[in-house]
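Listed here are the chains, written in short residue letters.
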Amino acid sequence: MVITIGNTKGGVGKTTLAVNLAIARALAGRDVWLIDGDRQGTAQTAISIRAEAEHVPGIACATYPDGPTLRAQVQQQAAKFDDVVIDAGGRDSTALRAALVLSDVLLVPFQPRSYDVWALSDIAALVDEARSVRDGLRAFAVLNCADPGEHSSDNAEAAAAVAEVPQFEYLPPPLRRRMACWLYEGVLMFGVVVAAGLVFSIAAQMRHALEHRHAMQAFLFLVCGIYFCWFWSKGQTLAMKT
C-alpha cells in the first residue's frame, strides 16, 4: 500500500504524522519504506536521529523531492515493501503531484483554524486531477493538533467544514494537542531547577538568595541545556516518553 501524507499548506503536522505512521506500521510487523518528498528533509533527519539512538524498529528512508525521481523510484521499488509512506512537502510541488498519482490512500492533516480549512480546496483540486489519471485514490482529512476537550467548538466547526469538501472523508477521532505532556514537562523542569539550585547553594555555601546570583543563573542554564540535549539525543524527553 502506498500512503501519502500531504497538504498544500505547511505547518499542519505532515512529517510528524508520516514518521509516526511509518513507525506504527513497522511495529505491526510490516516492511515499511518512508519517502521524504520535502526539500527540507525533516523526515529523513528524524529517521537518522532514531538510527543513531539505536531505536527499533529501523525504518528504511529515502529523500526524493523531485516528482519525476520520486515517481520512478516508487514504481521500481514499491513491490519490495509492504507499505510505502510518502511525506510530501507543504506546497503544490511535483513531488506531491507524483505521490498522488501513485498512492492508494491520501491523508490530509489540518488544524482547526480557518486558514487550514480554506486550504483544503487547493489539495482537493489536486485530488480531482490525480483521480482523472488513476482510479482508486481514497482521500481522508485528519484533524491534527486539535484543541483539548471533547466539546471544543473549533474542532466541531472544522470537522463540519470537511463535510462540505466532497473529495475527502473525515477520519475521526482527532489528534489532540498534548496539553498533559506540556504540563508534565513543566513540572519536571521545575523539579530539575529546584534540585540544581539546592545543589549549587550547598556547594557555594550561599547565605542569602542574592549571593552568587549570576553564577547560579549560569549553572541553572547549563543544567537545563544538559537536560534537553541528553533527552533529545535519545529521541524525546521523559515527559513525551511517558
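Residues numbered from 1 in each chain as written. Predicted model: local features only at pLDDT ≥ 70, side-chain atom pairs only at ≥ 80, totals over all residues. Heavy atoms only, no water.

Undergrad: Would you mind going over the pairing of strand β4 (residues 83–88) with me for this structure?
TA: Looking along a regular strand, one sees side chains alternate from face to face of the sheet. Burial of β4 is extensive: six of the six residues sit out of reach of the surface. The side-chain alternation of β4 yields two buried faces, one formed by Asp-83, Val-85 and Asp-87 and the other by Val-84, Ile-86 and Ala-88. With four bridges connecting them, strand β1 (residues 2–5) and β4 associate as parallel partners. Bridging from a neighbouring strand, Thr-4 pairs with Ile-86 of β4. Bridge count for strand β2 (residues 32–37) against β4 is six bridges, and the pairing is parallel. Bridge pairing in β4 places Asp-36 opposite Asp-87. (Buried < 20%, exposed > 50% of the residue type's maximum accessible area, 1.4 Å probe, protein only. Helix = DSSP H or I, 4+ residues; strand = E, 2+ residues; numbered from the N terminus. Pairing = 2+ DSSP bridges.)

Undergrad: Help me understand the environment of Val-192 in this model?
TA: One can find Val-192 in helix α7 (residues 179–204). As a C-alpha pair, Val-192 and Leu-220 span 28 residues in sequence and 9.0 Å in three-dimensional space. What Val-192 contacts, discounting residues up to four positions off in sequence, is Val-223 and Tyr-227. (Contact = heavy atoms within 4.5 Å.)

Undergrad: For this particular structure, what's the right way to read the pattern of salt bridges?
TA: Opposite charge on two side chains allows them to pair when their charged atoms are near. Overall, the coordinates contain nine salt bridges when judged by the stated rule. The shortest N-O distance in the salt bridge between Arg-91 and Asp-38 comes to 3.3 Å. Of this pair, Arg-91 sits in the loop between β4 and α4 (94–102) while Asp-38 sits in the loop between β2 and α2 (42–52), and the two are 53 residues apart along the sequence. Residues joined in a network through salt bridges with shared partners are Arg-25, Arg-30 and Asp-83. (Salt bridge = Lys/Arg side-chain N within 4 Å of Asp/Glu carboxyl O.)

Purely spatial values, then, with no claim about function.
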